[in-house]
Amino acid sequence: MSDNQATHLRQYHAPVWDEPVVMQLGYPGRRGQVFPQPARAAVEKVGTASCLIPKGLARTNAPALPEMSEPEVQRHYLHLCQETLGMLNISLFGTCTMKYNARVSEAIAQRPFVTDVHPLQPDDSMQGILQAIHEFDLGLRALSGMDQFIFQAGGGADAAYTNCVVTRAYHKSRGELKRRNEIITSIQAHPCNAATAAAAGFKVVTLNLEEDGYPSIEALKAAISERTAALFINNPDDMGIYNPDIKEWVRLVHEAGGLCFYDHANFNGVMGKIRARELGFDACMFMLHKTFGAPKGGGGPAVGAYGCSAELAPFLPKPVVVKDDKGYRLDYGRKKSAGKIREFFGNVPQVLKAYAWLLVMGRDGIDEASDISVLANNYMDHKLAKIRGLTRSNPQVTKHRLEMTRWSLGTLKTDTGCGTVEVSNRMADYGVDPWWMSHEPWIVPEPFTPEAGEMYSKEDLDYWMAVVARISEEAYATPELVKSAPHNQVIAQIKSDALNDPAKWAVTWRAYLRKHGDGSKSGSKPHAAE
Amino acid sequence: MRPFRLGLIVNPVAGMGGRVGLKGTDGLSDAARKLGAEPVSEARTLRALQRLGSARAGIAIFAAGGAMGASAAGQAGLLCQVVSTPSSDETSAADTSVAVRAMAGAEIDLVLFAGGDGTARDIYAITGDRVPILGIPTGVKMQSAVFATSPEAAGDLVAAMVAVPDRSRLQYRPSEVMDIDEDELRRGAISPRLFGYAKVPFVPLLLQNAKVRNHGLDEAALDAAARQIAAQMDANALYAIGPGRSTKRVLNALNISGSLLGTDLVAGGQMVARDANERTILDLAQGRKLRIVVGVIGGQGHVFGRGNQELSPAVIRLAGRDAITIIASEQKLLALEDKRLLVDTGDLALDRDLAGYWRVVVGPQEDMVMKVTAP
């Protein structure tokens, strides 16, 4: 594709299906699959299926499920997919690494040796799965220098919480937990660091960013004390600026008796380049559903891979997959273990997808992917800077950013009244995924934080930036057009009031009926905007 | 739906003294004009009004007459009801008061004014914390936290308020009204005072450069932090609880009522002196440990030297750095332009001693490390 084609904005309009909620679809008695009756001999011997269910567990009423044929179900989800940009567009999202989820990995994770395994079956009957988990653990050890990984945490925040309970168990074992009750973090570390620390009972001490685009070492020194339990930090954080003093930071915290946790949410810019353990960190976390190519968001459950040093390993939640001379097994007998974060040993299909990604990429591939993602971000930095109304955060910092950069639409907002929300809404009109604004708190006005990653082509990035440039022009020429966007979407602006109103929100159909009445009887359909 | 009732007051001479070095225009507009000062207020008001966009249809404007509002509204193409007439071409604080009184009687949803600290103070004297106000920044001195960051931001905020169909859901926050005595300032003596807390609309994403966690949670966090400070008080120490809404939460936690704008002295959980001056603090601190709980002035970030001069260099020295607790909401800290706190006690050596990194209490289990700088 030529540059010209890449930046030619496509004509786009989302299909409007006015698609009902699935619970409003279907007709009594309609089925997608009709299962054969069991053989008479079998019924005579063991009874019907319902006889096999203990009385206490059997439900008295049939569940309220939509009754539909298979093509009707497929069509319903096709419509929903078409109405929501389909998850295969250019999505630079913001503060999140978006990667293509290879279909071959999906196919692997759906094989019977994965889907038919139960975590309570004997270890020797699932050696293959345990081997894959163990080998992936070894791969992550190689990338981080840590001594043991577990995959129990169901996401990044869950892994941060895992770190909190390991930290707690470690200080408790040394009789210092009462005194060491403070976690130091930064205002731009992922908010889950502060949140999980507070949830685990720690006091949170937050550092602000300074001239260099990260907190100063003097601020860190002012925060460190004999009460310090740990430092939870991202490097780079969402500003995209690498803190070159990080080794000294770790040394200072260790000197005071605290632990250091590297939140690798932004690993893409440094993968293959640095190893957390070599920088002195005691533990780190990877998000398999971002960096390691497993699906994110609606694509399936997440996994926060948590790894730590040998010193902390005894405190890890159990079970841990281990290898001994008899093969692979789940080690439940860990006396110092902090307990459980979730059941069993994690979202195994996601672990396998990430393992497939790791094997395909290899060491050199990971190294190159990191280079590409940094190069792509700096290419974008160069081009975005030319768009009117956009400014780069920390303009005084001239060194290159890593895999992402926090940008501001503060100028555009002042000039035109169109800020990050309005621009994001308008993006959908051009068929690209709206960016996600950025984590709170917004210390940069009207922020957005695109992350190109290694996967999107130069043409994709050019198209995306052409959309942003066009919207900037629109904002200066016809701000109302941008403020009232989206115009080419299924629905116009979503009223978010309902999300904050317990009287309106409904996450189940039953709750919807309770709060909004039976839509089918009144003839009105649930409003998609709510 | 009832139209949004917007009061509009322009101080036509506000800001004139700035460029000609008069440090304010209170009572000096003639002098400013003679020095060649040009009015700036009306043009800035127009910039704000031009941002109302489609919200215009939902607004009913109640303006002070002539140059005090109606003229700017007219130039912006907005119809308005004139609620007062300035007594003469040379408008005064009295004219502002007459206009605000008329508005306060007309169930106004918001008084939008163009001016500086002096105007804010005149308006606050009548609206108190009952009628919401919002400043279009046009003055010379703007230490109060009632101003939008720019005329455009003020216009955007009004438009955003009009767009909220259920007015009961609009959010407000108590914001400092500060003013400096201009005569003293011209003589070189700065004595800014905290006059009170006006009710200022707050729409996350629009007014402030910092979008922060839920406002309600911020308040709850401060209350909980104050309860913790109260619970951990040293029974033998004298506590000087500085002015401001954040610090007074500690008194609330002790179930004693203090003076919002002054420093109150507490010992053993009891009020020892309300609204104490420096002498009283030093006298009562004799023979016991003195501790200070102090807040942060919103918008500018002063910890000492603004609105709390009774916490003098002598008082601060007596307590010592380790006996000072700063309490403020995370929202207030992150909204500070350069994320710095300031000390300006009038004693440079002390200011330098106080400079450096401090922990500010933002919640019961949360501190934020802030850099404090000396002048």
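Residues numbered from 1 in each chain as written. Chains lettered and ligands numbered in written order. Predicted model: local features only at pLDDT ≥ 70, side-chain atom pairs only at ≥ 80, totals over all residues. Heavy atoms only, no water.

Visitor: Pulling in residues and values, what's your account of the overall build of chain B?
Guide: Summing up its helical and strand segments, chain B has 14 helices and 16 strands in all. Scored against the burial criterion, the 375 residues of chain B give a buried share of 58%. With an accessible surface of roughly 14,800 Å², chain B has 49% of that area assigned to carbon and sulfur atoms. (Helix = DSSP H or I, 4+ residues; strand = E, 2+ residues; numbered from the N terminus. Buried < 20%, exposed > 50% of the residue type's maximum accessible area, 1.4 Å probe, protein only. Areas by Shrake-Rupley, 256 points an atom, 1.4 Å probe, with all protein chains shown as cover.)

Visitor: With reference to specific residues and values, describe the domain arrangement of chain A.
Guide: For chain A, the assigned domains are domain 1 (105-360) and domain 2 (497-530). A C-alpha centroid distance of 39 Å is found between domain 1 of chain A and domain 2 of chain A. (Domains from an automatic or database assignment.)

Visitor: Tell me about the sheet that holds strand β10 (residues 391-392) of chain A, residues and numbers included.
Guide: All names here are of chain A. Here three strands make up an open sheet; going across it, the order is β10-β11-β12 and the pairing antiparallel. The sheet is open, and its two edges are formed by β10 and β12 (447-448), each paired on a single side. The pairing of β10 with strand β11 (residues 407-408) spans two bridges and is classified as antiparallel. Residue pairing across strands places Thr 391 opposite Ser 408, the latter belonging to β11. (Pairing = 2+ DSSP bridges.)

Visitor: Let's hear about the sheet that holds strand β1 (residues 4-10) of chain B: which residues, and what values?
Guide: Residue and element names in this part refer to chain B. In space, the five strands of this open sheet follow the order β3-β2-β1-β4-β5, with parallel pairing throughout. Unpaired on one side and paired on the other, β3 (80-84) and β5 (133-137) mark the two borders of the sheet. Strand-to-strand twist across the sheet, computed as the mean angle between neighbouring axes with direction ignored, equals 25°. (Axes fitted to C-alpha atoms, helices over the stretch in contact; angles between N-to-C directions.)

Visitor: Help me get a handle on unusual backbone geometry, residues and values and all.
Guide: Backbone torsion omega between Lys 318 of chain A and Pro 319 of chain A reads 5°, so that peptide bond is classified as cis. Note on placement: Pro 319 of chain A falls in the loop between β7 (304-308) and β8 (320-324). Despite not being glycine, Asn 394 of chain A has its phi angle at roughly 50°, a positive value. Taking relative accessible area as the criterion, Asn 394 of chain A reaches 14% and is therefore assigned buried. For Asp 275 of chain B, which is not glycine, the phi dihedral falls at a positive 45°. Mapped onto the elements of the fold, Asp 275 of chain B is located in strand β10 (residues 270-276).

Visitor: So what about the confidence of the model for chain A? Which residues, and what values?
Guide: Residue-level pLDDT values for chain A average 92, and 96% of them are 70 or greater. Every residue in residues 520-530 of chain A scores below 50 in pLDDT, and together they form 16 contacts with partners more than four places removed in sequence or on other chains. (pLDDT = per-residue confidence, 0-100. Contact = heavy atoms within 4.5 Å.)

Visitor: I'd love a proper account of the pairing of strand β4 (residues 228-233) of chain A, names of residues and values included.
Guide: Residues and elements named next belong to chain A. In terms of residue burial, β4 counts as a mostly covered element, since six of its six residues are buried. Where strand β2 (residues 182-186) meets β4, three bridges bridge the pair, whose relative direction is parallel. Bridging across to β4, Ile 184 finds its partner in Leu 231. Relative to strand β5 (residues 259-263), β4 runs parallel, the two being bridged by four bridges. Bridge assignment links Ile 233 to a residue of β5, and that residue is Tyr 262.

Visitor: Would you mind going over the packing of helix α3 (residues 41-49) of chain B against helix α7 (residues 151-163) of chain B in detail, with residue names and values included?
Guide: Residues and elements named next belong to chain B. Taken N-terminus to C-terminus, the directions of α3 and α7 make an angle of 40°; their axes are 7 Å apart at the nearest point. Looking at the two axes, α3 sits oblique to α7. Relative to α7, α3 is oriented so that their crossing is right-handed. Packed against α3, whose contacting residues are Arg 44, Arg 47 and Ala 48, the element α7 presents Pro 151, Glu 152, Ala 154 and Gly 155 at the interface. (Parallel < 35°, antiparallel > 145°, perpendicular 65-115°, else oblique. Left-handed = near helix turned anticlockwise from the far one by under 90°.)

Visitor: I'd like a description of a nonpolar patch on the surface, backed by residues and values.
Guide: Residues and elements named next belong to chain A. On the surface, Leu 88, Tyr 100 and Met 455 cluster together into a nonpolar patch covering about 300 Å² of accessible area. Looking at the element boundaries, Leu 88 is found in the loop between α4 (70-83) and α5 (103-109). A relative accessible area of 59% means that Leu 88 is categorised as exposed. (Patch = residues over 30% accessible without salt bridge, like charges linked within 9 Å, V, L, I, M, F, W, Y side chains within 5 Å. Salt bridge = Lys/Arg side-chain N within 4 Å of Asp/Glu carboxyl O.)

Visitor: Tell me what's going on with the packing of aromatic side chains, and back it up with residues and numbers.
Guide: All names here are of chain A. A full pass over the atoms with the stated rule returns 17 aromatic pairs over all chains. Taken together, a centroid distance of 5.7 Å and an interplanar angle of 15° make the contact between Phe 149 and Phe 286 stacked. Residue Phe 149 is found in strand β1 (residues 148-153), and its partner Phe 286 is found in strand β6 (residues 283-287); the two are separated by 137 residues along the sequence. Residue Phe 149 is classed as buried on the basis of its relative accessible area of 2%. (Phe/Tyr/Trp six-rings, centres within 6.5 Å; stacked < 30°, edge-to-face > 60°.)

Visitor: An account of the confidence of the model for chain B is needed here, citing residue identities and associated values.
Guide: Mean pLDDT over chain B: 86, with 88% of residues reaching 70 or higher. Interface confidence in the predicted complex, given as ipTM, is 0.86; pTM for the same model is 0.84.

Visitor: Give a detailed account of the pairing of β8 of chain A, specifying residues and quantitative values.
Guide: Residue and element names in this part refer to chain A. Examined bridge by bridge, β8 and strand β9 (residues 327-331) share five bridges and lie antiparallel to one another. Each residue of the ladder has a partner; that of Asp 324, found in β9, is Gly 327. Counting the residues in the hairpin turn of β8 and β9 gives two residues.

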